[in-house]
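Residue strings, one per chain:
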Amino acid sequence: YSAVDTNPLSVYIMQPIWNQIIKIVPLWIAPNLLTFSGFVMILFNYFLISFYDWDYTASGTSPGLVPTWVWLFSAFTTFCAYALDSIDGKHARRTQSSTPLGELFDHGLDSWATSIFVLSFFSICSRDNGKTGVSVYTMYIYLSIVLFNFMCSHWEKYNTGVLFLPWGYDISQVVLIAAYLLTSAVGVEVWQKPLLLGYYITDILVILLIGFSLFLSFPQTLYNIHRAHLKKTLKNHSLYEGLLPLVSPLLLFVLLTVWVVLSPSNILAKQPRLFLWMVGVAFSNVICKVIICQMSGTRPELFHWFLFPLALVVYAAISGLLGWTEEAVLAVFTALLTAAHVHYGVCVGMQLSEHLNIYIFSLKKRVQE
């Protein structure tokens, strides 16, 4: 495993903090337990916010509907998850328990957590109510860009063998924590007033996100791959092999976008939380396959298996075959996809655990039969 972190925020500010926090972690705790604890915290926080704000309208129509303590709790869980995700690797090296299982566990959960962070944040700014908020289509594009950046990092590692940690990660975590604290201190109304030159805070954040993606993150990915090509250190020397991991994610985005744009019942507007959750789970499963391939030096499949049932669902939806059942079909498909993703993660984790003769959540060795 090889990673490079050049972000000044991470190197000069956050890393010294993590180096102090890691000292209080008992040596008997397994690194994967730290990783999983952080994921469970953000998952619990997501469901808590969903309870108060299922359709992303609470902050725009009833500013006091989400209690202040929820935003404080969100800041706390986000910081804890950020910290645990940052120290799990340090703790693994500290306890001499670094394994491929730990790498997959960390990055696999990160691929899912990335979307959950974004979906929780949307409750702060709320959906467009005609006066303030952001449209559900902006939410979809925002989420897609974030997931695209995450995917690029692992596509880059698939080709170069090195994970160049994106600058946006640490910045986004700090901004997210600050946003929750700001909201708890002054209320959601701060997001509903122009901040600068008529632009709202959410507008500025979207502009920064697109700017970071188009002019920093993606160009840096291409540059690192080009540099590896010049140094003759690329893992894949054919263009086909190098671009193969991008096929399924791009097809997934196309299918989802077709559903969003051509849905007769405007499914994204009717069930934004459910649809965006499905988007996050789908991308996570695709990215997990890429992570496993780059770890094992194997070729990713050209078409991910669930692109076929998704294509059938999308066709049935946009052709009108589903009719009034479109929302119900979305709910069932999302539940099945989530269950399949969890099942996949559990199975891969157990297989690696048995193969490496280790436990997932314990530092004890397995007793070989």
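What counts as what
Residues numbered from 1 in each chain as written. Predicted model: local features only at pLDDT ≥ 70, side-chain atom pairs only at ≥ 80, totals over all residues. Heavy atoms only, no water. UniProt positions renumbered as here; feature names shortened; annotations may be inferred. Helix = DSSP H or I, 4+ residues; strand = E, 2+ residues; numbered from the N terminus. Buried < 20%, exposed > 50% of the residue type's maximum accessible area, 1.4 Å probe, protein only. Phe/Tyr/Trp six-rings, centres within 6.5 Å; stacked < 30°, edge-to-face > 60°. Lys NZ or Arg CZ within 6 Å of the ring centre and 35° of its normal.

Draft legend 1. View of the UniProt feature "transmembrane region" (unreviewed entry) in the protein. Here, the residues flagged by UniProt with the feature "transmembrane region" (unreviewed entry) are residues 24–48, 68–84, 136–155, 197–218, 239–262, 274–293, 305–324 and 330–352. Within the segment residues 68–84, helix and strand shares are 100% and 0% respectively, and the terminal C-alpha atoms sit 25 Å apart. Here residues 239–262 is 100% helix and 0% strand, with 33 Å between the C-alpha atoms at its ends.

Draft legend 2. Representation of unusual backbone geometry within the structure. One non-glycine residue, Q96, lies in positive phi territory at about 55°. Within the secondary structure, Q96 is located in the loop between α4 (68–94) and α5 (100–125). For N357, which is not glycine, the phi dihedral falls at a positive 60°. Structurally, N357 is set in the segment after α13 (326–356). N357 sits in the buried class, given a relative accessible area of 18%.

Draft legend 3. Structural detail: the packing of aromatic side chains. Tallied over the full model, the rule gives 25 aromatic pairs. Arranged with centres 5.2 Å apart and planes meeting at 25°, the rings of Y46 and W277 form a pair that is stacked. With Y46 in helix α2 (residues 31–52) and W277 in helix α11 (residues 272–296), this pair connects stretches of sequence that are 231 residues apart. Each member of the pair, Y46 as well as W277, carries the same accessibility label: buried. One aromatic cluster is present, formed by F39, Y46, F47, W112 and W277 through successive ring pairs. Positioned over the ring face of Y56 is R273, at 4.1 Å from the centre of the ring. The ring of Y344 carries the charged tip of K289 above its face, separated from the ring centre by 5.0 Å.

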